[in-house]
Amino acid sequence: MAKYNDKRTLLIFAIIVLLAPVLLAPTGAAYPDLMQRFAIYGIFAIGFNILFGLTGYLSFGHAAFLGVGSYAAVWMFKLLTMNIIPALILAVVMAGIFSLIIGYISLRRSGIYFSILTLAFAQMSYNMAYSVLTPLTNGETGLQLRLDDPRILDAAPPEGTLPSTNFFGLEMKEVFWNPTFLGYELQFNYGFYVSALLLILSFYIAMRIFRSPFGMMLRAIKTNQTRLNYTGISSRPYTLAAFVISGMFAGLAGGLLATMDPLAGAERMQWTVGGEVVLMVVLGGLGTLTGPILGAVFIKYLENILSKINEVVLQGWFAFLPGWTEGFVVAIVYPFVGKGWHLTLGALFMIVVIFLPGGLVDGSKRIGKLFRRIAKREA
Amino acid sequence: MGILEVSNVNKHFGGLHALNNVDLNIDKGSLHAIIGPNGAGKSTFLNCLIGKLKPDTGSVLFEGQAVLGKKPHQINQLGISRVFQTPEIFTEMTVLENVMIPCYAHRDGAFKINAFARVSKDSEIRDQAEHVLNDMGMNGKLNMRGGALSRGDKRRLEMAMCLVQEPKLLLLDEPTAGMARADTNDTINLLKHISESRGITMVIIEHDMHVVFSLATTISVLAQGAIIAEDTPENIKGHPKVREAYLGEAEV
């Protein structure tokens, strides 16, 4: 068995995450809203990896748990308090209950039938949130805060303003430190640090699961379920436990999305969201610890940066090209940016799956090996 | 009284009567071989014992407990382990991990959420696994991936996975199928060694007469779904019915 240095990995990971506002500054991604999304989708992907990466059960339905988490959190904001703690707890609990029910039914089958069942459940949840469950979900408009919500634990906010989410008085949106560093204007806000701490906690939990006998059984399920059954292990409770754990991670992510912006819409439950997390995990490195987070950051970065590039920006970039070549290059690049950024994502995904089946983590390992070889040759 | 008592087992596949009133008594500590021509129902019989198939009628008692209708993992937890015709191992995991899993199954039962325990700190399980692998002569290969082993080593590994659970009954489905003579002899010695050193009752299904006659203490002959003879190897060799049904003109 390989020797792991988990303490060091965790420490390095925590430092990188906590310093993200500084480290990401040169990439243009260091604004609180995007960094918070990195952390939240990182949590979503970590949880999903426990199911898909370890047991090999591919679920397309995890968007439903994300949505359930968001709705639960917003209801807590409406009824109880704007403090995020009860909201996050209810989000995780509700997502856990939902995943227990959906998992119990879907896990009666494996392989493609399991995937289709989860997909069906996710679409069903989405459509129900849109239509018949309107009293709970507020249908098309989405569930929002209102001035006349009870919020029984909170003091009444000033006339005519909606209260904002907080952690015992610390407002999520508030930027508490705004220094200038090497010419970059840095923003440190509470919202990101709440998500970041939960991301580190999720990473730690995932790490413990990976190294535990429980995690070993999950990997055994992926490798040879028949042998496992004839070895005296009942695989169904294991897969169900993994399903519920990953559903709870998704619920936590959904709840955190609601703390960023206390609003929950049905589109969060759509299957494309569940498909996106599959892309994140595969792109980053299936079954690895850091891969899913890397994938989540990568995809959310592309989404936010590439989709903001429009024709004018492109013309600015290629203005140095003479005459018609400028228009030509712009015309070629244009479909890959702006609204067409999915095309870039698709192309990158294909390249990774075909040439780097281990994902970005595998890629970085190979690059590391290459450098070491070069260093050795020169030495 | 035997450790395994099979009485009156019948199994139909459509119009085919695959098992016809099979009665079998397996004595504790014996090495019982079941032989028979292709299609005689040997594998069907074994599958009925481990819960893969459910017979139409009949009963199977293991140490007085009913086995039929139980799930494979429940049957294993009773103390019955099985070696498959093609070794079933965890190909994507290391040899040591392969053996640690049955260790956990033996100690912790069919399901336990021990998500915060550390595998690397569980020296009890690790020692058990290493001890059995040592016995099987695989101590140099602990960190190899299961799938990278040679066929003979896969067989040894599978055997180690069964033995580490200290089963009361070990079922072997053609353990030497597709092996070269040298490997076959290795396997025979291995099985003899296991049987003598651990006193585990074994039921072995085999095609190769060389293996059967060098190992078995009792032989049952299955033909067209029915047991036509049960005796010691010496007597089976000369049994007229067996010669007719199975051995034919072949010299043994």
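Per chain, residue numbering runs from 1 following the sequence as it is written. Each chain is given a letter, starting from A, and each ligand a number, starting from 1, according to the order in which they appear as written. Thresholds applied to this predicted model are a pLDDT of at least 70 for local features of residues and 80 or more for the giving and counting of side-chain atom pairs; totals over whole chains, interfaces and linings are not thresholded and use all residues. Excluded from the side-chain calculation are hydrogens and water; included are all heavy atoms of the structure.

Caption draft 1: A look at the interface of chain A and chain B. Throughout, a contact is declared for two residues whenever any of their heavy atoms are within 4.5 Å. Residue-level contacts link 26 residues of chain A with 39 residues of chain B. Each partner contributes to the roughly 3100 Å² buried at the junction of chain A and chain B, and carbon and sulfur atoms together form 66% of this total. Basic side-chain nitrogens of Lys or Arg form a salt bridge, by our definition, when they fall within 4 Å of a carboxyl oxygen of Asp or Glu. Counting across the chain A and chain B interface gives two salt bridges. Notably, a salt bridge pairs E158(B) with R227(A), separated by 2.9 Å at the nearest N-O pair. Polar contact is the term for a pair of N or O atoms within 3.5 Å; when the atoms are in protein, one must be able to donate a hydrogen and the other to accept it, and sequence-neighboring residues count only if both atoms are side-chain atoms. On inspection of chain A and its partner chain B, the count reaches 18 residue pairs in polar contact (both at pLDDT 80 or more). The helix and strand labels rest on DSSP assignments: H or I over at least four residues marks a helix, E over at least two residues marks a strand, and numbering proceeds from the N terminus. Listing elements by their share of the side of chain A that touches chain B, those giving two or more residues are helix 8 (190-211), helix 9 (213-223), helix 10 (225-229) and helix 11 (235-260) of chain A. By residue number, the principal contributor to the side of chain A that touches chain B is helix 9 of chain A, which donates seven residues. Summed over both partners, the accessible area lost on bringing two parts together, with a 1.4 Å probe, is the buried area.

Caption draft 2: Looking closely at the confidence of the model for chain B. Residue and element names in this part refer to chain B. Confidence along chain B averages 86 in pLDDT terms, with 96% of residues attaining 70 or more. Confidence of the predictor in every single residue is expressed as pLDDT, which spans 0 to 100. Per-residue pLDDT, averaged within each element of chain B, yields its smallest value for helix 9 (residues 240-247) (69) and its largest for helix 3 (residues 95-108) (93). On the interface metric, ipTM, the complex scores 0.87, and its pTM is 0.90.

Caption draft 3: Examining the environment of V337(A) more closely. Residue and element names in this part refer to chain A. As for its position among the elements, V337 is in the loop between helix 15 (323-333) and helix 16 (341-355). In sequence terms V337 and I209 are 128 residues apart; their C-alpha atoms lie 39 Å from each other. For V337, the contacting residues outside a window of four places in its chain are L306, I309 and L314.

Caption draft 4: Up close: the packing of aromatic side chains. Residue and element names in this part refer to chain A. Here the aromatic set is Phe, Tyr and Trp, taking the six-membered ring for Trp, and pairing holds for ring centres within 6.5 Å; pairs whose planes are under 30 degrees apart are stacked, those over 60 apart are edge-to-face, and all others are tilted. Applying the stated criterion across every chain yields a total of 18 aromatic pairs over all chains. Here the aromatic rings of F13 and F203 are separated by 4.0 Å at their centres, their planes lie at 20 degrees, and the arrangement is stacked. Taken as a pair, F13 in helix 1 (residues 6-18) and F203 in helix 8 lie far apart in primary sequence, 190 residues in all. F203 matches F13 in its accessibility class, with the two residues each being buried. Centroid distance W177 to F188: 5.0 Å. Interplanar angle 35 degrees. Geometry classified as tilted. Of the two residues, W177 sits in strand 4 (residues 175-177) while F188 sits in strand 7 (residues 188-189), which places them 11 residues apart along the sequence. Following the ring pairs from residue to residue traces out a cluster consisting of F176, W177, F188, Y190, F192 and Y193. The ring of W75 carries the charged tip of K78 above its face, separated from the ring centre by 5.7 Å. Here the guanidinium or amino end of K300 rests over the ring plane of Y41, the centre of that ring lying 4.0 Å away. The rule is simple: take the accessible area with a 1.4 Å probe, protein chains only, and divide by the maximum for that residue type; under 20% is buried, over 50% is exposed, in between is partly exposed. Note on geometry: a ring has a charge over it if NZ (lysine) or CZ (arginine) is within 6 Å of the ring centre and within 35 degrees of the ring normal.

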